[in-house]
Number of protein chains: 2
Amino acid sequence: MSTPLKSSFLLSYLCTLPPALLSREILMADSEALPSLAGDPVAVEALLRAVFGVVVDEAIQKGTSVSQKVCEWKEPEELKQLLDLELRSQGESQEQILERCRAVIRYSVKTGHPRFFNQLFSGLDPHALAGRIITESLNTSQYTYEIAPVFVLMEEEVLRKLRALVGWSSGDGIFCPGGSISNMYAVNLARYQRYPDCKQRGLRTLPPLALFTSKECHYSIQKGAAFLGLGTDSVRVVKADERGKMVPEDLERQIGMAEAEGAVPFLVSATSGTTVLGAFDPLEAIADVCQRHGLWLHVDAAWGGSVLLSQTHRHLLDGIQRADSVAWNPHKLLAAGLQCSALLLQDTSNLLKRCHGSQASYLFQQDKFYDVALDTGDKVVQCGRRVDCLKLWLMWKAQGDQGLERRIDQAFVLARYLVEEMKKREGFELVMEPEFVNVCFWFVPLTLRGKQESPDYHERLSK
Amino acid sequence: MSTPLKSSFLLSYLCTLPPALLSREILMADSEALPSLAGDPVAVEALLRAVFGVVVDEAIQKGTSVSQKVCEWKEPEELKQLLDLELRSQGESQEQILERCRAVIRYSVKTGHPRFFNQLFSGLDPHALAGRIITESLNTSQYTYEIAPVFVLMEEEVLRKLRALVGWSSGDGIFCPGGSISNMYAVNLARYQRYPDCKQRGLRTLPPLALFTSKECHYSIQKGAAFLGLGTDSVRVVKADERGKMVPEDLERQIGMAEAEGAVPFLVSATSGTTVLGAFDPLEAIADVCQRHGLWLHVDAAWGGSVLLSQTHRHLLDGIQRADSVAWNPHKLLAAGLQCSALLLQDTSNLLKRCHGSQASYLFQQDKFYDVALDTGDKVVQCGRRVDCLKLWLMWKAQGDQGLERRIDQAFVLARYLVEEMKKREGFELVMEPEFVNVCFWFVPLTLRGKQESPDYHERLSK
């Protein structure tokens, strides 16, 4: 083609023009004649009000009431019939749609119910939910200041606050789609910092790399090593003590072993709040080891990070300020709502953008009329990215540090309550006294009670 | 410790028990005494109703009205002042919180506004928004049938429908957090299929790999190659013709060159709907090349995939049924709302789970009382995963195939309308006649009009 195509300067419908400009210059004259996607505003509002009514009645009121069930359990085949999931050629009436909304809620697990005890999140925070509803109604992507001015600034402030709780007065960070991806980011940053060439040339030219984590770590470390091309063999599993905490002496030993085998250690992933036992790795001792060997210290505090808000319990994470990176999921203990996972960095050298950036010219033009450092989109491996900060920010504004601290402290109280109740009852055997909110126990059936000395006791208990 | 810890059989508060069971057995007696996270139900409802009122007034009504601005633009420093973002020790009153909700909406870009023309999404679909609000109110994670019975089945059905539109009667798939990650999944699956050892042993032991995509492809292919440890050098850039379509002859040539250099070609990523020009790569011809060389064909149809719904225009994707994987983002052209990105696979050998699975025993127990094949969580590299199917399903139920088809066809009509309007006006120079909804043009300022023959015309136009 004769015209040299530079996408950064080319004007493209749906692509690059500030919206107001395009509409004013081109579409103003006849745009009234264009049908709106949203259709009739009155009908739109009526539908949304009706759906919101269903949400309040079914998901909020009944969904959080102890007099209602946590879940109306159905077997898969029966549930398929009840839901009539098939997508057909013809659309349905508003009445049918509302009935579908009711059914979806009816047969879903109520995770905000006081008796919901599944994986690492529960409860319903009304302010966080309010933030989520606003996020959805605004439906934007967090890549540039231009398209998400409020949320670019808000994310910066929320990350600053989380970093301050870690103990850092400066640094960087980003919200990721979940803790597993936050952990992967940390691994990718650590290897890029050590081998910047890796971004262009890949792993083939590098020596074998080794990273270290305890046997109680989250499975995302293994998954991440595979996904990032390192392979699960690169993950060296360090011993944990009887409380599930990484043993620093074994870490030191494993590092020596890896080096002796010709591998290059580059990262230790410690865990603050392991998934099953709720253990906190000894960060000071691990940081000492990392310092001695020049290793990146990542702390997977997805579960336990929120304990930093509690003056009473934050000692569990002593030493976290010595980490290079921290993954912290406020969607877990703080109940901000899925997904809300922050990767925090001590780095101030723009490592995140250097490691992940590709300078796509159609999106991250360098000649904008504001400071393009605000365009955070090139810090991530995604392109479009959800707004995950508003729900946390709004909840924090409503609760203050103090309110959130009370909530954390209360979770510890509840765990203690459960332990005491178990001790009062026959048939429960605590695995250990909890130091966090995970309470691990065996339920001992009648036939096994009092038979702890029997040789097949543990086998039969497991079954 | 004396008790052998098998997390799969261990009962752990917050971790492994079906919720109803735990509550019935342990907490029933005294749980009334436990404070609820949600607090006073009446206050919760009042807050949510008030926030929803703000959302309807500010984000829905004003936000989609042509008589209102798309964005109340503020410079970053001024906006920081206006928003008062700082998170403090004390919480705030409900009145203050509502004012904050109004401010967040006021200063945000209204992406549902009829005059919003930014990156590849716009408009407000009320049914999709209804689905998003329900998703947020239920706040669950899509890893097991146990915790997300409705959404596990619904995701399966929505993926089945999308696959049927691609032309597959069987296969696999998963919703990912955005198209970039869907593309990465495809690359990871292709290399795992060829070198299953890679998951464990990493890339070091493999020959250099090569993947192929056109110069008009999305930047996520480069980002993905870096993240996955392949390095950006592994991406071979194939020529595009004057309309932005990959040139199959150059693909063939590049494959030969890579092989001559000792690299192993393993994947071609074709694009259906490029980001800037809206070009559709010639899939039949590319599939022929892939077949000849035994390469995985991935189609990045994040932007253009929704055209499959249109009988009139779906020929643009002829040949897509020959792909191994397809990335398709209904959050773009179908306006389902961020994020809604499907990775579709023709594979029926459980490749997705074999490639990404880690069989974490605390979550994916194999002795459940339902078919554990429904536990999709081990198909992904994430752990917690948002529900991204409900918004699309509900919109589809309301619109039917027919309604969605009309919407796609209408987008083509709108693009044609814009082109015709430009032709009537001075100062607009079309780059090419569009075949999709991207309309690329130059705005020619007064000083440059009629000077097309001037030697520095294009340079000055770009500026």
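Sequence order sets the numbering: in each chain, residues are counted from 1 along the sequence as written. Here chains are named by letter from A upward and ligands by number from 1 upward, in the order in which they appear as written. Reporting of local features is limited, given that this is a predicted model, to residues whose pLDDT is at least 70; pairs of side-chain atoms are given and counted only at 80 or more, and all residues count toward the totals for whole chains, interfaces and linings. Hydrogens and water molecules were not included; the side-chain quantities draw on all heavy atoms of the structure.

Chain A has the name Cysteine sulfinic acid decarboxylase in an unreviewed UniProt entry, where Nomascus leucogenys is given as its organism. As recorded by UniProt, the Cofactor (unreviewed entry) comment attached to chain A reads in full: "pyridoxal 5'-phosphate". UniProt positions are given in the numbering used here, feature names are shortened, and annotations may be inferred rather than shown by experiment. Looking at chain A in UniProt, the text filed under Sequence similarities (unreviewed entry) is "Belongs to the group II decarboxylase family."

So, about helix α4 (residues 94-106) of chain A. Strands are runs of DSSP state E lasting at least 2 residues, helices are runs of H or I lasting at least 4, and numbering of each runs from the N terminus. A helix's residues, less one, multiplied by 1.5 Å, set its expected span. Taking 1.5 Å per residue, 13 residues should reach 18 Å; α4(A) reaches 18 Å between its end C-alpha atoms and fits that length. Considered for burial, the residues of α4(A) that qualify are A:I97, A:L98, A:R100, A:C101, A:A103, A:V104 and A:I105. In this description, contact between two residues means that some pair of their heavy atoms is separated by no more than 4.5 Å. Looking at the buried positions of α4(A), the neighbouring elements they touch are α2 (41-61) and α3 (76-83) of chain A together with α5 (126-138), α6 (149-166) and α13 (390-424) of chain B. Partly exposed residues are those whose accessible area sits between 20% and 50% of the maximum for their type, while under 20% is buried and over 50% is exposed, using a 1.4 Å probe and protein chains only.

It is worth spelling out the sheet that holds strand β5 (residues 264-271) of chain A at this point. Residues and elements named next belong to chain A. Within the open sheet, the seven strands sit side by side as β2-β8-β7-β6-β5-β3-β4. Their pairing is mixed. On the outer flanks of this sheet lie β2 (172-176) and β4 (235-238), each paired with one strand and no other. Strand-to-strand twist of the sheet, defined as the mean angle between neighbouring strand axes without regard to direction, takes the value 20°. Two strands pair under a simple rule: DSSP has to find at least two bridges between them. With five bridges connecting them, strand β3 (residues 209-214) and β5 associate as parallel partners. When the bridges of β5 are listed, A210 appears paired with P265. Throughout, an axis means a line fitted to C-alpha atoms (over the contacting stretch in the case of helices), and angles, computed between N-to-C directions, take values from 0 to 180 degrees. Lying over the sheet, helix α9 (residues 220-227) contacts β3, β4 and β5, oriented at roughly 165° with respect to β4.

Attention now goes to the relation of the copies chain B and chain A. Least-squares fitting of one copy onto the other uses the C-alpha atoms of those residues that reach a pLDDT of at least 70 in both copies. The transformation that overlays chain B on chain A combines an axial shift of 0.0 Å with a rotation of 180°, and the residual RMSD is 0.0 Å. The relationship between the two copies is best expressed as a two-fold rotation axis. Looking at the interface residues of chain B, 100% of them are also at the interface in chain A, so both copies use one shared face.

Stacked, tilted and edge-to-face are the three classes applied to pairs of Phe, Tyr and Trp rings, where Trp contributes its six-membered ring and a pair requires centres within 6.5 Å; stacked means planes under 30 degrees apart, edge-to-face means over 60, and tilted covers the rest. As enumerated under the stated definition, the model contains 24 aromatic pairs over all chains in all. Measuring from centroid to centroid gives 5.7 Å for A:F412 and A:F436, while their planes differ by 50°, and the two rings are tilted. Highlighted residues: A:F412 in helix α13 (residues 390-424) and A:F436 in the loop between β9 (428-430) and β10 (440-443), separated in sequence by 24 residues. No difference in accessibility class separates A:F412 from A:F436, as the two residues are buried. Among the aromatic residues, those joined into a ring-pair cluster are A:Y145, A:F369, A:Y370 and B:W73.

Attention shifts here to the pattern of salt bridges. Salt-bridge detection follows one rule: a side-chain nitrogen of Lys or Arg within 4 Å of a carboxyl oxygen of Asp or Glu. Considering all chains together, one arrives at 82 salt bridges over all chains under this definition. Measuring nitrogen to oxygen at the nearest pair gives 2.9 Å for the salt bridge that ties A:D378 to B:K223. In this pair, A:D378 is assigned in the loop between α12 (351-356) and α13 and B:K223 in helix α9 (residues 220-227), connecting two distinct chains. Here the two residues A:D378 and B:K223 agree in accessibility, since each one is buried.

Take the sheet that holds strand β5 (residues 264-271) of chain B next. Residues and elements named next belong to chain B. Taken together, the seven strands give an open sheet; going across it, the order is β2-β8-β7-β6-β5-β3-β4, and neighbouring strands pair in mixed fashion. In this open sheet, the two edge strands, each paired with only one partner strand, are β2 (172-176) and β4 (235-238). Ignoring which end each strand starts from, the neighbouring axes of this sheet average 20° apart. In this structure, β5 lies alongside strand β6 (residues 296-300), joined through five bridges in parallel fashion. Along β6, the bridge assignment pairs T271 with D300. Its contacts with the sheet put α9 on β3 (209-214), β4 and β5, and the angle it makes with β4 is roughly 165°. Against the sheet, helix α11 (residues 283-293) touches β5 and β6, its axis set at about 155° to β6.

Moving on, we get to the interface of chain B and chain A. Listed per partner, the contact involves 190 residues of chain B and 191 residues of chain A. Carbon and sulfur atoms supply 66% of the area that chain B and chain A bury against each other, a total of about 18800 Å² over both sides. Counting across the chain B and chain A interface gives 12 salt bridges. A salt bridge links B:R132 to A:E136; its shortest N-O distance comes to 2.9 Å. As used in this structure description, the phrase polar contact means that two N or O atoms lie within 3.5 Å; if the pair is within protein, one of them must be able to donate a hydrogen and the other to accept it, and residues adjacent in sequence are counted only when both atoms belong to side chains. On the surface where chain B and chain A come into contact, there are 56 residue pairs in polar contact (both at pLDDT 80 or more). Broken down by element, the side of chain B that touches chain A gets its largest block of residues, 18 residues, from α13(B). Class assignment for the residues of the side of chain B that touches chain A results in 110 nonpolar, 43 polar and 37 charged. Throughout, buried area stands for the accessible area (probe radius 1.4 Å) lost by two parts on being put together, summed over both. Note on residue categories: nonpolar means Ala, Val, Leu, Ile, Met, Phe, Trp, Tyr, Cys or Pro, charged means Asp, Glu, Lys or Arg, and polar means any other residue, Gly included.

The subject of this paragraph is the confidence of the model for chain A. Residues and elements named next belong to chain A. Each residue carries a pLDDT score, the predictor's own confidence in it, on a scale running from 0 to 100. On average, residues of chain A carry a pLDDT of 90, and 92% of them reach 70 or more. Confidence drops under pLDDT 50 across residues 1-37; counting only partners more than four residues distant or on other chains, this segment forms 100 contacts. Confidence estimates for the predicted assembly give a pTM of 0.93 and an ipTM of 0.92.

Put simply, α3(A) and α6(B) touch, their axes get as near as 10 Å, and they point 75° apart. Between α3(A) and α6(B), the crossing angle belongs to the class labelled roughly perpendicular. Side by side, α3(A) and α6(B) meet where A:P76, A:L79, A:K80 and A:L83 of the first sit next to B:P149, B:V150, B:L153 and B:E156 of the second. When grouped by side-chain class, the residues that make up the contact of α3(A) with α6(B) number six nonpolar, no polar and two charged. Note on terminology: angles under 35 degrees are roughly parallel, angles over 145 are roughly antiparallel, angles of 65 to 115 are roughly perpendicular, and the others are oblique.

The next point concerns unusual backbone geometry. Residues A:L338 and A:Q339 are joined by a peptide bond in cis, for which omega reads -5°. Along the chain, the position of A:Q339 falls in the loop between β7 (325-328) and β8 (341-345). Phi is positive for A:A335, which is not a glycine, with a value near 60°. Structurally, the position occupied by A:A335 is in the loop between β7 and β8. The exposure class assigned to A:A335 is buried, which follows from its relative accessible area of 8%. Here the phi dihedral of B:D84 falls at roughly 50°; this positive angle occurs in a residue that is not glycine. With respect to the element layout, B:D84 can be found in the loop between α3 (76-83) and α4 (94-106). When its relative accessible area of 25% is taken as the criterion, B:D84 is described as partly exposed.

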